[in-house]
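Architecture and fold: a report
One letter stands for each residue in the lines below.
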Amino acid sequence: MNTNRDTSASDCGRREFLKAGAVGVLGVGLGNLALAHSAVAAEPQPQSASPAIRPLKSVRIGLVGVGDMGSCHLQNLLRIDNVEVRAVCDIVEGKVAQAQDMIVKAGKRKPDAYTRGDTDFKRLCERDDIDLVYNATPWEWHVPVCLAAMNSGKHAATEVPAAVTLDECWQLVETAEKTGRHCVMMENCCYDQTELMILNMVRKGLLGELLRGEGGYLHDMRAIKFSRPGDGPWTAEGIWRLPHSVRRNGDLYPTHGLGPVAQCMNINRGNRLVRLTSMGSQSRGLKLFAAKKFGPESAQAKQHYVLSDVVVTLIQTHDGQVIVLNHDTSSPRPYSRNILVQGTKGIVVKYPEEKIHIEGRSGENEWEPLEKYRKEFEHPLWKSLAKRAEGLSQGGMECMDFIEDYRLIQCLLEGTPTDMDVYDAVTLSAVSALSERSIAANSTAVDFPDFTRGRWKNRQPLGIIS
Ligand SMILES: NC(=O)c1ccc[n+]([C@@H]2O[C@H](COP(=O)([O-])OP(=O)(O)OC[C@H]3O[C@@H](n4cnc5c(N)ncnc54)[C@H](O)[C@@H]3O)[C@@H](O)[C@H]2O)c1
């Protein structure tokens, strides 16, 4: 057990949360809300951050959770050389059978099945013939599965967000440090074409010194949140997604928007997220939707949903930048991740249309289509890998998902640090818990814990990977 961490982050976290709630009711400021965390967390820490791990000859995988995303990752993994899926786990037997079928149809050995309930993943983690546990379960299972994997000597890769609470974040950090295993959050949006291109532009200095970033998750998920097994293309996501909207108010899904912006700003690699403040709107969309779908007298329409329809979060970085994040999943609206990066030389925007303005290149006061810059700034990863995703069918996300999986496997085969490590996983995910605290405390500013315990100062930025 690492004694350097806030001796009992959980106790501390819970105490602070209660304090935050009380302050929210009283309506006064709370400048020291997160001081206890950062003060203790700043101590030096002996374990290595990005473990130097021996290259693997092949990556033997245990897959936990084979719903929508688990199946997408499986499709990708079946296309990548030197990957073997040895075991598949899900609480629904039929999904495991489907995954086994896919694997056999791809000409590979049938993997073993783990279907004995909620914690059967532990048996899978104990096998001695797997290197990586790939976790695409609902949010509340991310940390238990990753901890079981690392404590059994396996690397862990998890879907987003990596953790729900701050205590869970610290558990991931401590366990990755103690075991020397990778704990990677699979943030696919960092590998989307435009996000990669913006990163390339930033690395090449096109935007100058960065000043502002924006991102978000703006996705009308009302139908998905109320979905039940057999309802349609979303299988049973509603079962686990809706309860979070019932009991939590904050930015519940920050990493798709923040991940790419954080990479541009070298977060945890010379820069860090310092503090945030969040505000939430009224909560209306889910009740209105439920009344229409199930009737005004239905239990779903009478349910109280705590989650604000719109949550806006402002983050300040150590270098001085401002990041705006939006979370908007209960209103009628087109999909967006609101990506914007601005620097001293110009500004680039992804939604609703891709456009850019660069001083000296663009006309005064004019936007140019981003497409004009594609040839010059397309990221080498995209150039070399996007074609290999052809034929995959994952709702338009196939290329970025494929590249993300490819990069994970490539790093494990080469024994190099992964593009995102445990510190990135928890820093990005912690926005949820911190925004919940801020909203509960009348939008008081809340400090980010320094999960790297000072190491962010010397860690190298992610380069242009090719
Ligand atoms: N990166 C992205 O673009 C993206 C998109 C969608 C979902 N996700 C993430 O992927 C994860 C899964 O989402 P989904 O859409 O695939 O949901 P899903 O409901 O389709 O799949 C989850 C699967 O996990 C299984 N499961 C539940 N508890 C389990 C347990 N204890 N052990 C083993 N299996 C268990 C379920 O039976 C189901 O098959 C979530 O964390 C979500 O946030 C990411």
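Let me begin by describing the structure that accompanies this report. (Residues numbered from 1 in each chain as written. Predicted model: local features only at pLDDT ≥ 70, side-chain atom pairs only at ≥ 80, totals over all residues. Heavy atoms only, no water.)

When helices and strands are counted, the protein shows 17 helices and 15 strands. In the protein, once contacts between residues fewer than 6 apart in sequence are set aside, the share between residues at least 24 apart is 74%. Looking at the protein as shown, the accessible area adds up to about 18900 Å², and 52% of this sits on carbon and sulfur atoms. (Helix = DSSP H or I, 4+ residues; strand = E, 2+ residues; numbered from the N terminus. Contact = heavy atoms within 4.5 Å. Areas by Shrake-Rupley, 256 points an atom, 1.4 Å probe, with all protein chains shown as cover.)

As a matter of local geometry, the ligand sits amid 27 residues, with Met69, Asp90, Trp139, His142 and Val160 nearest to it. Asp90 places a polar side-chain atom, nitrogen or oxygen, 2.6 Å from an oxygen atom of the ligand. The side chain of Glu237 places a nitrogen or oxygen atom 3.2 Å from an oxygen atom of the ligand. Contributions of two or more residues to the shell around the ligand are made by α3 (68-77) and α10 (237-247). Residue contributions to the shell around the ligand peak at three residues, all from α10. Classifying every residue of the shell around the ligand gives 13 nonpolar, seven polar and seven charged. (Near = heavy atom within 4 Å. Polar contact = N/O pair within 3.5 Å; in protein donor to acceptor, adjacent residues only side chain to side chain. Nonpolar A, V, L, I, M, F, W, Y, C, P; charged D, E, K, R; others polar.)

Applying the stated rule across the entire model yields twelve aromatic pairs. Here the aromatic rings of Tyr373 and Phe377 are separated by 6.3 Å at their centres, their planes lie at 25 degrees, and the arrangement is stacked. The burial state of Tyr373 is the same as that of Phe377; both residues are buried. The side chain of Arg241 reaches across the aromatic face of Tyr253, ending 5.8 Å from its centre. For the cation-ring pair, Lys355 lies above Trp367, with the distance from its terminal atom to the ring centre recorded as 4.6 Å. (Phe/Tyr/Trp six-rings, centres within 6.5 Å; stacked < 30°, edge-to-face > 60°. Buried < 20%, exposed > 50% of the residue type's maximum accessible area, 1.4 Å probe, protein only. Lys NZ or Arg CZ within 6 Å of the ring centre and 35° of its normal.)

Time to look at the sheet that holds strand β2 (residues 83-89). Spatially, six strands are ordered β3-β2-β1-β4-β5-β6 in an open sheet, and the strand pairing comes out parallel. The strands lining the two open edges of the sheet, one partner per strand, are β3 (112-114) and β6 (183-185). The average angle at which neighbouring strand axes cross in this sheet is 25 degrees, direction not considered. Inspection of the sheet shows strand β4 (residues 132-135) paired to strand β5 (residues 155-158) by four bridges, in the parallel sense. Looking at the pairing, Asn135 lines up with Thr158 of β5. Along the sheet face, helix α6 (residues 142-151) touches β1 (59-64), β4, β5 and β6 and points at about 165 degrees away from the line of β5. (Pairing = 2+ DSSP bridges. Axes fitted to C-alpha atoms, helices over the stretch in contact; angles between N-to-C directions.)

We now examine the pairing of strand β10 (residues 322-328). Along any regular strand the residues' side chains alternate between the sheet's two faces. For β10, a buried count of six out of seven residues is recorded, marking the element as mostly surrounded by other parts of the structure. Relative to β10, strand β7 (residues 210-218) is paired through seven bridges, and the arrangement is parallel. Bridge assignment links Gly215 to a residue of β10, and that residue is Leu325. Relative to β10, strand β9 (residues 311-317) runs antiparallel, the two sharing six bridges. Directly across from Ile315, in β10, lies its bridge partner Ile323. In this antiparallel pair of consecutive strands, β9 and β10, the connection spans four residues, and Gly320 shows a positive phi of 110 degrees.

Let us look at the sheet that holds strand β14 (residues 368-369). With mixed pairing, nine strands are arranged side by side in an open sheet as β14-β13-β12-β11-β7-β10-β9-β8-β15. The sheet is open, and its two edges are formed by β14 and β15 (446-447), each paired on a single side. Helix-sheet contacts for helix α17 (residues 422-440) involve β8 (273-280), β9, β10 and β15, and the interaxial angle to β8 is about 50 degrees.

This paragraph deals with the environment of Ser438. Following the sequence through the fold, Ser438 ends up in helix α17. A sequence separation of 162 residues divides Ser438 from Leu276, and the C-alpha atoms of the two residues are 7.7 Å apart. Ignoring anything within four residues of it in the chain, the contact list for Ser438 reads Leu276, Thr277, Ser278, Ser443, Thr444 and Val446.

Attention now moves to the nonpolar core. Looking at soluble globular proteins, one finds that nonpolar side chains tend to be buried together. Within the largest apolar cluster, 120 residues are counted, with the highest numbers of intra-cluster contacts made by Leu124, Tyr134, Leu172, Ile315 and Phe451. A per-element tally of this core places α17 first, with ten residues. Phe451 has contacts with Leu166, Cys169, Trp170, Val173, Tyr423, Val426, Thr427 and Ala430, leaving out every residue within four places of it along the chain. (Core = buried A, V, L, I, M, F, W, Y, C linked by side-chain atoms within 4.5 Å.)

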